[in-house]
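Observations on the model geometry
Chain residues, written in single-letter form:
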Amino acid sequence: MNIPTRHEAEALAGRLPPLLVAAERVAATVVQGVHGRRRVGSGDSFWQFRPYAAGDSATRIDWRQTAKSERAYIRENEWEAAQSVWLWPDRSASMEWRSSRQLPLKSGRAALLLLALSALLIRGGERVALLGDPRPPALGRAVLERMAATLARPGRAGGVPETVPLPRHATLVLISDFLAPLDTLQPMITGFAARGIRGHLLQVLDPAEETLPFEGRVRFEGLEQEPSTLISRVETIRDQYQARLAAQRDGLASLTRTYGWSFACHRTDHPPHTALLALFGVMSGLPQQVRALAGA
Amino acid sequence: MLSLGSFAFASPWLLLGFVVIPALWWLLRVTPPAPKVLHFPAIRLLLGLVPPEETPARTPLWLILMRMALAALLILALAQPLINPTAGLPGNNSLLLVIDDGWAAAVDWPARQHAMTELVERADREGRRLILLPTAPGEAAPGPLGLERPADAKAQIQAMRPKPWPTDRAAAQKRLDTLEFQPGMAVYWFSDGLDDKGAAKALLTRLRSFGPVRFIAPPGDGLARLLAPSKGDSRDLAVSVQRAVLGEAPPISLRAVGADGRLLARAEAHFPADRGTVDATFKIPTELRNRVDRIEIEGEATSGATLLVDERSRRRPVGIATEAASGSGQPLLSDTYYIERAAEPFAELRRGPALELIKRDLSLLVLPDGDAGGAEEHAALRSWIESGGVLVRFAGPQTAERENDDLLPVTLRSGGRTIGGAMSWEKPAKLAPFPAESPFAGLEVPDDVTVDRQVLAEPSVDLAAKTWARLTDGTPLVTGEKRGKGWLVLVHTSANTAWSNLSLSGLFVDMLRRLVQLGQGIAGTGDGVLAPWQTMDGFGRLEAPPPAAQPVPAADLAKTAAGPSHPPGFYGTDETHRALNLSSSVPGLIEIGALPPDVVRETYVRAPEIDLRPALLGLALLLALIDILVGYGLRGLLRAPGAAGAALLLGLMLSSAGASAQTGTLTPHPAVSGPDRYTIEATSELRLAYVKTGDAETDQVSRAAMVGLGNILSRRTAVETGDPMEVDVETDEMIFFPLIYWPITTTEKPLSAQAAERVNRYLATGGTILFDTRDEGSGGGSYGITDTADRLQTLLAGVTVPPLVQIPPDHVLTKSFYLMQDFPGRWDGGTLWVEPVEDRVNDGVSTVILGSNDFASAWAVDAQGFSSFAVVPGGEAQREQAYRFGVNLVMYALTGNYKADQVHVPAILERLGQ
């Protein structure tokens, strides 16, 4: 077990530097036009003046502005309190799959998206951490390197993250194929949501998982010790399968909608930056702007 | 064995395996192929899904068909199908082999022999005895028919040759009477397919009483054909080709071949579809026609397809009755000279008294002006003409004066008629065009032929009909009369140029040619019995007659039937022989037609038995391999590159199985080798040569000397020599070398007669030999004093050595390149002997030069180019002089006396100066 595992890790680590570069590039193409928080908060830069209200500390009155008129004004700075984003890639066996050599592994695509998102977030001044990693969220490029190194190590089995205690109002990004049963996902989402955590789910699927392009008599075997099943003619059950997949997605969508979370889908045969843009959009709260950018 | 025409199964009961094919169909239908195995992450979504329709996965139809084909191939292969199966031997007792070994069997004799041998081998395997019955009469009386062991029968069959005469099936049938019927016998008739007046049918009926008959005959277009002399009356060489089967056939090529086997002419005969006989004509000049010895059907070697051509149709012997020997002192005045010259190219000429001539074959007898002889001769000639001879007489002074000569076609007026000449006003008469019925019709009359004198015929009623050629004034020039089978012809002018210049013209040759063709040739009355000279074997090859061949009376030859005692061939002697052809004893060719239904008909040429089992098994294996690949493909175990690789491997396997190893042939290296090697080496460059003495040391010194001298020559002169060559006078040709150095040793043996002859020839044709006695240093001294002289004389016994003199001071050798007066070698002081200059043979170059100074040692150099021997008394000046002598010698041998002419140069220059 040791040697193949280490071999896989080495193979993965060998692939990561270009992934990192690719993530940087993808982040650089997107970050233009997205500025600041545009919110009042504690920060260094000016945001707005507002009339003094009762209860405000007198020290916050901006006297120069107040002297220009008859009312007292309080200078407000832009909120610059950084957000902590916890990221979780599904590193179970079912992610290590692809239907064709021309496609990336699902786990590879998930890691790429995750690192790219991290790069974006770090450039945006956010603190990022891997869910399940004992280290607290941190800033800077070193975090990216550390995350890449962590991703290079073999992950644990299991398609659902454990509900670890997170700070309230943290942001959580879960990247997985989300093929686990809904009733195993629901407690997780409910548990996180109960702590006021906002989550974003990105479902990464292989195109074959979406279309089920196989034909004839096929014995399907799972990757995570599921029982195998023999389908005499795959083409006859394709519609049923797609209906089940749609039901799974609908269930996920409705579940996330219930808690105000977002849910997006990505296929590994599509370019990664579409998913990244969509994710960026929902996380930055400027979906239209980002979509326009993506369209361009 | 299950036989279906040319196809059979060796183990037909295995074909019952085909009943499992439907079961296999059903099994393959209901047994789905092994499923593809796929790992799939979203399997949870698939669990519990049931296809809406309950059609079980079926093996694809094409795969079922392929597998059924595989099974069918296996079953077929196990049943061992055979193409052209060798049928088993019918019956269980002895086999009767009736073998047609007449001339017609030679067409495909090897195939016949092969078929018979094959049958005997099969009989051997089954332990059957054989009875052989050849149908052609043999040379010896046949013994009783008896059972033979297969090995003996095989030996007999292999020794059997087709006879050049026809079969005698009636006699063969008689021999069958001695054979008693045994149950279980089987009969094989190896036939030539030709009927002979019903005898074949009778024999077949008789054979059927013994047991089942297999009748083996060539197909209709493979039957023998027959060449016969053409019945038509053609002036060209014509033959008729007969065949047994009518119908369209490719044209037949005929060859006219000379006695030496040379192809003289070729003709084609094309059978009309409804004719069994066709004539072919060789359009060849008479000269060539006379050399035709035989006519053959190309590609068919039988005695029937060979027609021997004998003197009757070929030679046209022409006799010239003359008493005088030919080649008399004044041939141009002779009567016969012009006839001989004109008839020589196309006729065989004989001279002699008329009575002697007509005893032999003769087609034409020419009687120049003169007496035909007395009453006895007249009677003999008359009867000769009656029996077909052609007598041509020429007029002349004697004829003009004779009376009561009955050997003339017309009555002559006494005395000649002078048309032109000095005393006449008349012009010499010219020839009128030939009448249409004349044998000369069609010949062109040249303008310059004139007739000065002629004899005139008495006018008569039939004179015009007898006249074959006229002068312009209507008087007859040539008259002819048919007497009996022959002709009597008179030319009304002389055979020489005395009366006419006709005999000088080309027309004379043409007229003679026509006259010769008129004669049919009459068998000589002198030869009573013709002994066989050369007879044909079954394949139409002429060979010495067999012992059983017997002479034939000349008169009966035409009626003689070819048989063991009279095989077809030439009868007579080398000079005069007549042909007995097979065609005279074969009335016609008729195919053996329809056979009774119980007779199995086969042909000789049979495709060999082909066992299809290996091919079928191979195909089944290939299908199995494809099936495996398909199975892997259906299970998804085969990705595209792998499939391509496997297919490639399979293709390679198949192609390598079919490929045959090719061995490259080495082109022979064009190096000079063999008998010409010496010649080419000797002549490719100018080479100095020395005679091999047999003494190794001497030979080595000689070789080194030639190398050294060659170096000096190429350095100082325009002469460039190649490597020196060693000449063994006993074996090697010397003629290629301008100069040969010949050291004399004590050990040399005297020359053999051939070697002496060779040396003589060499000297006579311009060669020069430097003899070196090498004894100056050993106290010998001059030639003629010591025992060296004796040795030289012994050695050169038989060689014509010219008289020699001491070299004169003005000899060319003293100035041919360097000016020098003495000629040292290793030693100094010896005298050089040369031929005296007065002998102007060989361009004044002395053929023999004799010295004693051991020149070779002075010239010899070692491998580094240093001199090998010190010179005595010594000094480089002496060696230089020695080399200079060598240069002078070579120049002398190459340029001859050129330098001798230089003495005149001052005088010439002086004259030019003026």
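Notes on the sheet that holds strand β6 (residues 198-205) of chain A
Within a sheet, each strand pairs with its neighbour through backbone hydrogen bonds, oriented either parallel or antiparallel. All names here are of chain A. In space, the five strands of this open sheet follow the order β4-β3-β5-β6-β9, with parallel pairing throughout. Each edge of the open sheet carries a strand with a single partner, namely β4 (127-130) and β9 (262-267). Neighbouring strand axes in the sheet, compared pairwise and without regard to direction, differ in orientation by 20° on average. Contacts between helix α7 (residues 234-258) and the sheet are confined to β6 and β9, with β9 contributing the most and set at about 150° to the helix.

Comments concerning the sheet that holds strand β12 (residues 252-258) of chain B
Residue and element names in this part refer to chain B. On the basis of which strands lie adjacent, the open sheet formed by four strands has the order β13-β12-β15-β16 and antiparallel pairing. What marks the edges here is a single partner per strand, and that holds for β13 (263-269) and β16 (306-308). Sheet twist, expressed as the mean angle between neighbouring strand axes with direction ignored, is 20°. With three bridges connecting them, strand β15 (residues 292-297) and β16 associate as antiparallel partners. Paired with E296 across the bridge in β16 is T306.

Some thoughts on the environment of B:E268
Residue and element names in this part refer to chain B. For E268, the position within the fold is in strand β13. The class of E268 is partly exposed, set by 13 C-beta atoms lying within 10 Å. Between the C-alpha atoms of E268 and I252, which are 16 residues apart in sequence, the distance is 5.5 Å. Each residue touching E268, except ones within four places of it in the same chain, is listed here: P251, I252, S253 and A280.

Some words on the packing of helix α5 (residues 182-194) of chain A against α7(A)
Residue and element names in this part refer to chain A. Between α5 and α7, whose axes approach to 11 Å, the crossing angle comes to 15°. Taken together, the axes of α5 and α7 lie roughly parallel to each other. Relative to α7, α5 is oriented so that their crossing is right-handed. Residue-level contacts link L182, L185, Q186 and I189 of α5 to Q248, G251, L252, L255 and T256 of α7. The residue inventory of the contact of α5 with α7, partitioned by class, reads five nonpolar, four polar and no charged.

Let's talk about the interface of chain B and chain A
Across the contact, 21 residues belong to chain B and 28 residues belong to chain A. Elements supplying a minimum of two residues to the side of chain B that touches chain A: β3 (36-39) and α2 (43-46) of chain B. A breakdown of the residues in the side of chain B that touches chain A according to their chemical character gives 17 nonpolar, one polar and three charged. Across four bridges, strand β7 (residues 218-221) of chain A lies against β3(B) in parallel orientation. Looking at the pairing, A:R219 lines up with B:V37 of β3(B).

A few points about the confidence of the model for chain B
Interpretation of this model should avoid reading the predicted coordinates in detail wherever pLDDT is low. Residues and elements named next belong to chain B. Across chain B, the average pLDDT comes to 80, with 87% of residues at 70 or higher. Taken element by element, chain B is modelled with least confidence in helix α9 (residues 311-314), mean pLDDT 61, and with most confidence in strand β37 (residues 689-691), mean pLDDT 92. This stretch, residues 780-785, has a pLDDT under 50; its non-local contacts, to residues over four places away or in other chains, come to 14 contacts. Scoring of the predicted complex yields 0.43 for pTM and 0.70 for ipTM.

Parameters at a glance
Residues numbered from 1 in each chain as written. Chains lettered and ligands numbered in written order. Predicted model: local features only at pLDDT ≥ 70, side-chain atom pairs only at ≥ 80, totals over all residues. Pairing = 2+ DSSP bridges. Helix = DSSP H or I, 4+ residues; strand = E, 2+ residues; numbered from the N terminus. Axes fitted to C-alpha atoms, helices over the stretch in contact; angles between N-to-C directions. Contact = placed C-beta atoms within 7 Å. Buried ≥ 20, exposed ≤ 12 C-beta atoms within 10 Å, placed from the backbone. Parallel < 35°, antiparallel > 145°, perpendicular 65-115°, else oblique. Left-handed = near helix turned anticlockwise from the far one by under 90°. Nonpolar A, V, L, I, M, F, W, Y, C, P; charged D, E, K, R; others polar. pLDDT = per-residue confidence, 0-100.

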